[in-house]
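Okay, here's what each chain looks like letter by letter:
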Amino acid sequence: MLKGLLARKLRLTLAGFAVALGVMAVSAAMITTTTIGSGFDSIFASTSENTDVSVTARSDVDSGMGGRAFTPPVPASVVGELTEVPGAKSVTGEVSADGARPVGRDGKVISVQGPPRSGVAWHGETGPVRLWSGRGPAAPDEVAINGGLADRGRFTVGEQLDVLTLAPRQSFTIVGIYGYRNGRGSMGGDTQVAFTEPVAQRLMLGASGVYSSVTVTAEAGVSREELRDRVTDTLGSGYTVRTGDELAASTAADGKAFLDIVRMVLLGFSWLSLLVGIFLILNTFSILVAQRTGELALMAALGARRRQIVGVVLIEAAIVGAAASVAGIGLGAGVSVLLKMVMEANSGASLPVGLIVPVPDLVLAFALGIVVTLVAALVPALRASRVAPVRAMRASAAEQRSLTRITWLGAVPAVLGVAAVVASMAEDGSSRWVALAGGVVLGLFGLALLTPVLSRTLLPVLGRVVGWSMPGRLGNRNAASNPRRTAITVSTLVITLGLVGGVSVLAESMRADLSSAATRDLGADLVISGDGVTGRAGGQGGGPPTAADGRIMPTFDASVIEQARAVPGVSRAVAQYVDTARFDWGASPAAAADLSQLSGVLALPGSPRTPAPGSVVLDTATLADHDLAVGDTVRLATRRAGWREFRISDRYEANYLLRGPVFNPSEVATLFVSPAPAIGYMRLAPGADAAAVTRAVAGLVAANPEVSVQDQTQLADDAAGQVSVAETMLYVLLGLSVVIGILGIVNTMALSIVERTRELGLLRAIGMRRSHVVAMVVAESVMMSVFGAVLGLAAGGAAGVAVVKVLGLSALEIPWTSLAVFLGLAVVAGLVAALAPSTRAARVNVLSAIAYE
């Protein structure tokens, strides 16, 4: 076995490379998330080490994605109450909230990927805070900034800094730069702007005399847990009371929420890589066992038992799997280092920990790689042990078997799968998704079993495209000569390009649906909004109307709408306020607007009336789903006011731009986080100069770099662009599986060249040139690549159409150009896969090949 392994090390290395890529993805996911998570734990533990007990108001509406949620402010009176708690040494009101967006020298908002952009109240050099230069702010127009923001914006003491908060853009003088006693300028890459306390309360919390949290320090001899219980007894259930350790763990958990998504994505695609790797290993060992039939039969004739023959093959597989897993873990560690460097570069701060290797997780990844290899090699091993010694010694390869049985076995699940998919498009409710998922799985399973017989039908058709010469016709016949081998070889491409085809159809249809919805539901000619705000306002494009981490969306001064009404050529201008609310059954996007005016710029049939204070207007879908009617009372929680009861005063038809409860605009300051509008709609008067009006309105918001003025076409493009980003990310991750698919063709071609050494020698002996040999091998490789691509794209496209129908999208678009590009890439993949095998085939020595056995 060992000698045979060394003799076939190159062929087995190619098969093991697929396992290595899968294990690499698993290892990278584990190491990266563990390292970054430990870094967050270290950062937030240091920030909370001087906090014995922290008090915050209870949030009734979360951010919807497990990120940082807005918490209602704590009244200043709570500070007085807590000073009377036995064991409380000191009580300090804190102001710290995400949403202070600094403007850089280029006039654009300084963005960070992940960490918060906090606005805080300056309390001097307390806890870990240390001044690096200058002093703390003392006047309303002064701020201090942390070292992270100073480095990002290249700011120095004495310069002006513009900041966007709950209030419009304001200018401040930088009087100090501070860091932390560990020498770092930020906590995990965040940016901080420190105001005087009254200014911080007004800009970050929207009110005076309130705090985001209250910190209580314990007297000597009083434990944190004991003080926490006393504070809880004093305040009751309306507040969240935590020890410093609990606060650090909770804050770190919020910061690590996105790591769970990263881990799930990486693990999902690592499983896909291992799945397609199984087909590559299965094909490799099937060919190797077929080529060694005589050798294995001779071993059986000399007394080897079946379990010994199976053991020989499985031990080879175990060694290949172990070596590949070790290589995969090493590659995974390297990828983790790169990912950590990218994250630190994007956040502008380094983690306080080095690379952390989770040994139990990597042991599991190592074992997974071996198990996958053994599972893939088991079928060829059993097949080898069942061949009769006398029969096997008469041939150098296994005989072809009938395709009748496998065809019937594939036809049944294929028909059932198609029937389930068709049924899912006619059903309603959650059962349609069960039918769709089951139908797709059955259909793919049936397609896999039907691929051998399909190869006999489709390959001759495809052969007419590349088989215009004798080498091409020979390559076509070689590809069709062993349908089972061809089917296993192209299975990786079928799976990967099936996913690509499905994603392409779904993404193109979603773009068309969003673009048409954005213009169909919009009666306005111009829209003022921030990037992606309109999509979130209607609950489209990824969730509720706040960013996934609970941040404030871009807003603008309400006076802009009044000024826009005075612009010549504007016949109507309406503001829409946006936030998140919560019903008893879940979160929902929320809005506030004058519906009598909004009906003139949005498609709102029936002209719903603006609700009075204390009332709300609900969309008809919500009313129907929860058995509500106009005149009923509904319980709602808003992010600033918490739970309240509202009377349903009217109804409206939800659309792309408006969905969920609609409140009276006069209540925005008490209900919503931001008192400023997020969207402004303008309708132009007949004959107005659209370009001139656009320039005039854009000038009104020129001081706010977060918002822009768009027409209907630009708004539709912005909505469609949200889908393109996710589509590109999926294509990048699927690229790993495509690489494995190419390796499968390379391995099959290389092994088939060895298997056909005598055939190649005879062809060369009767006059075939080396260039013809190369053309023959290339034609065979391209045939298999195109065959796999056609099957995969067709099956994936059909699945994508079914998903579009089940989702109920208004448009079904087939991206023919993209599918043609993917088909062209399959041809390129076939050419790349044929490079090494065709070169080897052309170099076969004629005399040695004729004598080869």
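Caption draft 1: The arrangement of the sheet that holds strand β3 (residues 88-94) in detail. Here we have four strands laid out as an open sheet, ordered β3-β13-β1-β14, and antiparallel in their pairing. Every other strand in the sheet has two partners, leaving β3 and β14 (239-243) as the edge strands with one partner each. Taken over all neighbouring pairs, the strand axes of this sheet differ in orientation by 20 degrees on average, direction set aside. Packing of helix α6 (residues 224-235) onto the sheet brings it into contact with β1 (53-57), β3, β13 (213-218) and β14, and relative to β14 it is tilted by some 170 degrees.

Caption draft 2: Seen up close, the pairing of β13. Across the six residues of β13, five count as buried, placing the element largely inside the fold. Pairing geometry for β3 and β13, over six bridges, is antiparallel. In the sheet register, Ser90 faces β13, and the bridge partner there is Thr217.

Caption draft 3: Fine view of the pattern of salt bridges. Following the criterion strictly, the structure yields 15 salt bridges and no others. Between Glu142 and Arg135 there is a salt bridge, with the nearest N and O atoms lying 2.8 Å from each other. We classify Glu142 as buried; its relative accessible area is 13%. What makes Arg135 partly exposed here is its relative accessible area of 39%. One continuous salt-bridge network, built from bridges that share partners, spans Asp52, Arg224 and Asp245.

Caption draft 4: Structural view of the nonpolar core. In terms of nonpolar packing, the biggest core is built from 44 residues, with Val55, Leu82, Ile145, Leu161, Phe195, Leu227 and Val231 touching the most fellow members. Among the elements that make up this core, the one with the highest residue count is helix α5 (residues 197-205) (five residues). Residues in contact with Ile145, not counting those within four places in the same chain, are Ala150, Phe155, Leu161, Ile174, Gly176, Ile177, Tyr178, Gln192 and Val193. Leu526, Ala573, Ala590 and Leu618 belong to the second-largest nonpolar core, a separate cluster that totals 34 residues.

Caption draft 5: The arrangement of the packing of helix α24 (residues 757-765) against helix α25 (residues 770-807) in detail. Between α24 and α25, the shortest axis-to-axis distance is 10 Å and the interhelical angle comes to 140 degrees. Accordingly, the angle class assigned to the pair α24 and α25 is oblique. Both α24 and α25 take part in a crossing whose hand is right-handed. Packed against α24, whose contacting residues are Leu760, Leu763 and Arg764, the element α25 presents Arg770, Val773 and Met776 at the interface. The residue inventory of the contact of α24 with α25, partitioned by class, reads four nonpolar, no polar and two charged.

Caption draft 6: Structural detail: a nonpolar patch on the surface. Where nonpolar side chains cluster on the molecular surface, the patch consists of Val337, Leu338, Met341 and Leu355 and spans about 350 Å² of accessible area. Inspection of the secondary structure assignment puts Val337 in helix α10 (residues 306-347). The class for Val337 is partly exposed, based on a relative accessible area of 36%.

Caption draft 7: Structural context of the environment of Thr486. The residue Thr486 is located in helix α16 (residues 483-520) in this model. Residue class for Thr486 comes out buried when judged on its relative accessible area of 4%. For Thr486 and Phe787, which are 301 residues apart along the polypeptide, the C-alpha to C-alpha distance reads 9.4 Å. Each residue touching Thr486, except ones within four places of it in the same chain, is listed here: Leu459, Ala479, Met784 and Phe787.

Caption draft 8: View of helix α15 (residues 470-481). Its twelve residues give α15 an end-to-end C-alpha distance of 16 Å, which sits within 8% of 16 Å, the value for a rise of 1.5 Å per residue. By the burial criterion, the buried members of α15 are Pro471, Gly472, Leu474, Gly475, Asn476, Asn478 and Ala479.

Caption draft 9: Region of interest: the packing of aromatic side chains. Scanning the model with the defined rule gives six aromatic pairs in all. Taken together, a centroid distance of 5.4 Å and an interplanar angle of 55 degrees make the contact between Trp122 and Tyr178 tilted. Remark: Tyr178 occurs in strand β10 (residues 170-180) and Trp122 occurs in the loop between β6 (117-121) and β7 (129-134); sequence separation between them is 56 residues. With 5.2 Å between their ring centres and 70 degrees between their planes, Phe646 and Phe663 make a pair best called edge-to-face. Of this pair, Phe646 sits in strand β20 (residues 642-652) while Phe663 sits in strand β21 (residues 662-663); the two residues are 17 residues apart in sequence, bridging distant segments of the chain. Note on Phe663: relative accessible area 1%, which makes it buried. Joined through ring pairs, the aromatic side chains of Trp122, Tyr178 and Tyr180 make up one cluster.

Conventions used here
Residues numbered from 1 in each chain as written. Predicted model: local features only at pLDDT ≥ 70, side-chain atom pairs only at ≥ 80, totals over all residues. Heavy atoms only, no water. Pairing = 2+ DSSP bridges. Helix = DSSP H or I, 4+ residues; strand = E, 2+ residues; numbered from the N terminus. Axes fitted to C-alpha atoms, helices over the stretch in contact; angles between N-to-C directions. Contact = heavy atoms within 4.5 Å. Buried < 20%, exposed > 50% of the residue type's maximum accessible area, 1.4 Å probe, protein only. Salt bridge = Lys/Arg side-chain N within 4 Å of Asp/Glu carboxyl O. Core = buried A, V, L, I, M, F, W, Y, C linked by side-chain atoms within 4.5 Å. Parallel < 35°, antiparallel > 145°, perpendicular 65-115°, else oblique. Left-handed = near helix turned anticlockwise from the far one by under 90°. Nonpolar A, V, L, I, M, F, W, Y, C, P; charged D, E, K, R; others polar. Patch = residues over 30% accessible without salt bridge, like charges linked within 9 Å, V, L, I, M, F, W, Y side chains within 5 Å. Areas by Shrake-Rupley, 256 points an atom, 1.4 Å probe, with all protein chains shown as cover. Expected span 1.5 Å × (residues − 1). Phe/Tyr/Trp six-rings, centres within 6.5 Å; stacked < 30°, edge-to-face > 60°.

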